[in-house]
Amino acid sequence: MGSNMAEAHPVGFQWVLEAKARGATVIHIDPRFTRTSALADVHVAIRAGSDIAFLGGVIKHVLDNELDFREYVVAYTNASFLLTDEYQDTEDLDGLFSGYEPESASYDPRSWRYRSADPAQHLGGFDAGEAKETGIGHQLGSGGPRLEGVTGDIAADPTLQDPRCVYQVLKRHFARYTPEMVEQVCGVPRAQFARVCEAWTRNSGRERTSAVVYAVGWTQHTTGAQNIRAASILQLLLGQIGRPGGGIMAMRGHASIQGSTDIPTLYNLLPGYLPMPSARTHTDLTSYVESVRADKQKGFWRNADAYLVSLLKEYWGDAATADNDYCFDYLPRIDGDHGTYRTAMDMVDGKVFGYFLLGQNPAVGSVNGRVQRLGLANLDWLVVRDLVMIESASFWKDGPEIETGEITPENCRTEVFFFPAASHVEKEGTFTNTQRMLQWRERAVEPKGDQRSDLWFMYHLGRRLRERLAASTDERDRPLLDLAWDYDAPGGEPSAEDVLRRVSGHDLTTGRLVDGYLELKADGSTSCGCWIYSGVFAGGLNHAARRTSRLDQDLYAHEWGWVWPYNRRILYNRASADPEGRPWSERKACVWWDASRAEWVGEDVPDFERSKPPDYVPPGDAVGPAALRGDDPFVMQADGKGWLFAPSGLVDGPLPTHYEPRESPVRNLLYGQQASPTRKDYARPDNPLNPVQSRVFPYILTTARLTEHHTAGGMSRHLPYLAELQPALTVEVSPELARERGLEHLGWAHVITSRTAVEARVLVTDRLVPLRVAGRVVHQVWMPYHWGNVGLVVGDVVNDLFGITAEPNVLIQESKVASCDVRPGRRPRGPELLEYVAAYRRRAAAEDPEHGEAAAT
Amino acid sequence: MSRWTWLDAWPVYRQLTGTDPLGRGKSAESKGTEQLVARTATADRVARSVCPYCAVGCGQNVYVKDDQVVQIEGDPDSPISRGRLCPKGSASKQLVTGPQREQHVLYRAPYATSWTRLDLDAAMDMVTDRVLDARAKGWQEHDDHGHRLRRTMGIASLGGATLDNEENYLIKKLFTALGAVQIENQARI
Amino acid sequence: MSTDHEPGRHRLYGRLDDPAADAGHVEHPPRVGFFTDTSVCIGCKACEVACKEWNLVPDDGMNLLGMSLDNSGMLGANTWRHVAFIEREAPLGGQVSGVEGMPTGASGVAHMEATVAAGLRDTERGGGELGTTTVDLGMPSLSLPGAATGAESRTDFSWLMMSDVCKHCTHAACLDVCPTGALFRTEFGTVVVQQDICNGCGYCVSGCPFGVIDRRPQDGRANKCTLCYDRLQDGLEPACAKACPTESIQFGPLDELRERAAARVEQLHERGVPEARLYGEDPDDGIGGSAAFFLLLDEPEVYGLPPDPIVASRDLVDMWRHAGAACAAFVTAAVAVFVAAGRR
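Residues numbered from 1 in each chain as written. Chains lettered and ligands numbered in written order. Predicted model: local features only at pLDDT ≥ 70, side-chain atom pairs only at ≥ 80, totals over all residues.

### A short note on the overall build of chain B
For chain B, the count of helices and strands is 5 helices and 8 strands. Ordered by position from the N terminus, the helices and strands of chain B form the series α-β-β-β-α-α-β-β-α-β-β-α-β. For chain B, the residues scored as buried account for 53% of the 189 residues in total. In chain B, once contacts between residues fewer than 6 apart in sequence are set aside, the share between residues at least 24 apart is 33%. (Helix = DSSP H or I, 4+ residues; strand = E, 2+ residues; numbered from the N terminus. Buried ≥ 20, exposed ≤ 12 C-beta atoms within 10 Å, placed from the backbone. Contact = placed C-beta atoms within 7 Å.)

### Regarding the sheet that holds strand β2 (residues 59-65) of chain B
Residue and element names in this part refer to chain B. Pairing is antiparallel in the open sheet, where 3 strands are placed in the order β1-β2-β3. Each edge of the open sheet is held by one strand with a lone partner, namely β1 (45-50) and β3 (68-74). Sheet twist, expressed as the mean angle between neighbouring strand axes with direction ignored, is 25°. As judged from the 6 bridges shared by β1 and β2, these two strands associate in the antiparallel manner. Across the sheet, Ser49 pairs through a bridge with Gln60, a residue of β2. (Pairing = 2+ DSSP bridges. Axes fitted to C-alpha atoms, helices over the stretch in contact; angles between N-to-C directions.)

### Some details on the domain arrangement of chain B
Partitioning chain B into domains gives domain 1 (39-101) and domain 2 (106-188). For domain 1 of chain B versus domain 2 of chain B, the separation of C-alpha centres amounts to 33 Å. (Domains from an automatic or database assignment.)

### As for the confidence of the model for chain B
Residues and elements named next belong to chain B. Mean pLDDT over chain B works out to 91, with 89% of the residues at or above the 70 mark. Counting contacts from residues 9-18, a segment whose pLDDT is below 50, to residues more than four positions away or on other chains yields 19 contacts. With a pTM of 0.94, the predicted complex shows an ipTM of 0.96. (pLDDT = per-residue confidence, 0-100.)

### Examining the interface of chain C and chain B
Every contact between the two is made by 43 residues of chain C and, on the other side, 42 residues of chain B. Counting residues per element, the ones that place at least two in the side of chain C that touches chain B are α1 (19-22), α2 (46-55), β4 (183-185), α6 (229-233) and α7 (239-243) of chain C. Among the elements that make up the side of chain C that touches chain B, the one with the highest residue count is α2 of chain C (5 residues).

### A look at helix α5 (residues 165-178) of chain B
Residues and elements named next belong to chain B. Taking 1.5 Å of rise per residue, the 14 residues of α5 would be expected to cover 20 Å, and the 20 Å separating its terminal C-alpha atoms lies within 8% of that figure. Across the 14 residues that make up α5, a large majority, 14, are buried. Taken from the residues just after α5, Gly179 is the one with a positive phi, measuring 95°. (Expected span 1.5 Å × (residues − 1).)

And the structure:
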């Protein structure tokens, strides 16, 4: 679901087909019948943006029929934990949870806490109000949220009968997600839904597992994180997490997008999912550490102080001492949303002066491209580094706003520097793939002319800045001047191995490379650039560069590359064994407790303290890893359990709840609450949104990739061999919609939203089917988003059609669903386009209020 | 590097003696055919690399002859990809050797209507100046409540997700030391 | 070694177990080919690109054809692998399409096909000016009698994909009619155009019953799949098979491939895919079997393949015997050149 794996990840899809050849059932749930569906056993057409309603229906099916893997659920999840009496569910509040504050459109999550066995004690959480602004959901990526006091006894009912236990809360929460409701909301006929429920639950338990694959079809929604939460709940109920053949796999879309998250270039994160300091709460190292992790919590996130101090030691070397909080104060602070869309709007408003685009093309790849380009046109300067000339570098002379007259070169003040970049074969370094695997690339050839790696560019920019400021006495320049920037750079090219070595980390007392994060200390005696990558250079060996042939090694190919953490291939694999430490079944054995050797052994690197026996019970005062019981497999979680219910960490509720997309053609049939109550809106004139249930914009627009192209096109539209395979922007419509709107196969049509109109050639195809939703027929149209105005094949920018509305946990835009109109023929040109779209907006605004903005609560 | 060669099982390969009465086989071989050789066989070296497109992480072997990339194909040793590549991965040679690649720094002055070339060193100097200027213009020491910010809002960055980990590391480290916080990536998108 | 010619068979027609030997390669490696299993094709077109990268084949123009996701259209001088996409208003064995119960109207497949076919007929092919192409080239067609239900509302759907390629026929008309010796049979049993010999006469284009071979607009020479002859000599598999993410394209000794294919058909039949059948693997068919053969999930015509291909040179021997007999213009021309040019 939410992934078109055969098209977007064709080589990864070989493993799906391998599983199918061995008898696995492949189910593809997607708005369209795609190349993935063509190879699946079952395709289910679903309305874009209704995934939680569907998954909620499956969860209900599991709970109603007691099809959960009960032993796993009781032992390894928080199903038995009791909530406090303060907690109120969406069942009680018509689609809201307790703690909602309408003024800030955010939750106070205190009522979502577990109940302590000790009535005097409160089990803490976090402040969701600020969290929404600072994208804290994303900051909890590897650590899980802070949860104070959970090393003690949490009130629990192992029989799962107590009405306040998580299991019963879950049952009540999903009670209204009936097959009939799924049919009405998702447009999925009951027979098809039943088929999925049956196949999914049949392949669960001791002997069998099912895996879920998703991609941006789940993330790019205002309910993105909760889509994945819904899958997590289901997979936990069915006992599929931490087991071979199970799990939830995020098919990430770029060579090192996982690496870009782990070693983030993201405003709210430091390497290893440590939060960027917040101005209000993180005044010094102590307050930072206290708020990032709890004192009395279990697991390895308890050691976040060691991870942060080791990072500060890598950043500032000898200048970082215990006396100065290891230069904690050198870190700039965040105090709100500084995400890429907020920044683009700030550019339009003249608040940003200089911008670096490092291999990214937001003029095509980001939604509401007009805002992006108008922002670029209002900078002092812009640096673009890329392989080829891209739309984001040349917007001042050939962008869509040139045609409409909104930008002219003579009036565009932005000074633009284009630096040609080195390609992947002209530099060495690591990518982290979608399975968390770091793979080293050897340099094949030298780049030509002025082409340079980004490593070169950043290193030398830093060197020049430091030289320029060498004599500065301004305190503000200290972080730059004290920065450890002494990387090996033979011949001017910095050594990527040297960088990776320091990312992996050193014991500063001996100079030895550390073996992994277990060795990191909070006393300044270790340095490490990214704690989860710690050990990639253990023993002085570049483990990411290992390439023992798959034919010459073990099942999990541990000698190929390096997977964080500690080269584990399956996270939380303690759960592949039963509470007593035996494999759930021989078929599904992965790691197990070997009593004779008194350690965990198996096919994979055990994700558990190697010598901690399965029946281990920690002393009452233990904290951190020492507080983990022998049957607490979720070693990063504050309570050691898999979370069916999230007592902390999410800003939009502890359980997934179906909300309609921001631009939905239908009312929410499940609750009075229409769209996500905590979604992040950016209401401003240059970001107009279509009214809910608009008859002017009656259709659903969704987008995706084609196999033959790559993202914003910079790496595909310029290549003849790829461009010829998909030479034109197309819009796919069902034959039914084609008849309704008079669209001809291969004729022109244009798609209109409140933002703009985009023209494309029509593909009338049976691969799209109309849906019956809420008693009426709803049409979906699909477009690929790879086109722009530069390259061998050019076309309108599809992302221009989407407005900016963000998911509240991670601030990712809702770009997988919008409402739209489709009309035959080409769109108007030039300034007439602006008027044409404005007229649409006026018509939509004038609609019957019942169908207008009022419903967008 | 191991390489599967289906011909390994055929030792008497190419021992040719027979007749070809219709002149459609051996006797029809041209000079060009006789000299035919796979360019992978004549490469000077092979670099082991990883496909730069999606996140599956397929292994690539990059064949180099006279310091030019002459072929890129799947690495059969890879447990991820088993030597296979999708159309994009298969087009990697065109990606890295094609004429679409820019080789020179280009500069567009404010209000200019065209690009001009700029020396790389001069461009780096100019960017250094501008970073310091924008940083100063956007500097914020404290917020309205007196909380320390120690940052600049004058500089922003957006990276693609084909950056190496080591590159991302330096980007985050340098910009953080500069006080820039609006450092973003495709990973948000 | 010589082939035992049964009555009605000769060097240009009928069963021939060792075409390489027949072409003078006495001790030669095993005959090799492709088994293309369309039941696992994901239509990614890696084969098209990998082929072009290796063989330095030019692009074929930036033209939207719009036959489903196919914009290459057909095999030709600059397209040596071609992935066909067939949208069908019909179920596929073992698959549930998700159309049932949806508020559908009539299918759009016929509309798509008609629209695309109109454009495709204008496509130029080098050699086509001889007016002798033996099959209606190229496009997958759904116009089998009874294929379209004409129903008010569609109730099913399936999507077939197939990577097509030169068949490297046991009896290859392109080779038989080539007057210059540019086309030859290799020691692997494959059929290859030698670019340093080809003079661009185009007879081979007319000879091919599959519409595979074609003259390149850039230089007029005939071009088609070589089964990566250069790679074979180095022990490498052809570029397309190497790249294919799902092993839809399998390369190997033909005997092994035929065994594997038979087993695969049986497996699919057991799994409820009765449509699975082989195409081109039969040594007794009109071309003596092809080295590139296919597992299809529908009739060959659906994929744009001739149902019963016959080597155009089948009748050459008869024509020699019965000079003056009426024959097709193309064959007359071909024989004339054939005789005049002779062979080295």
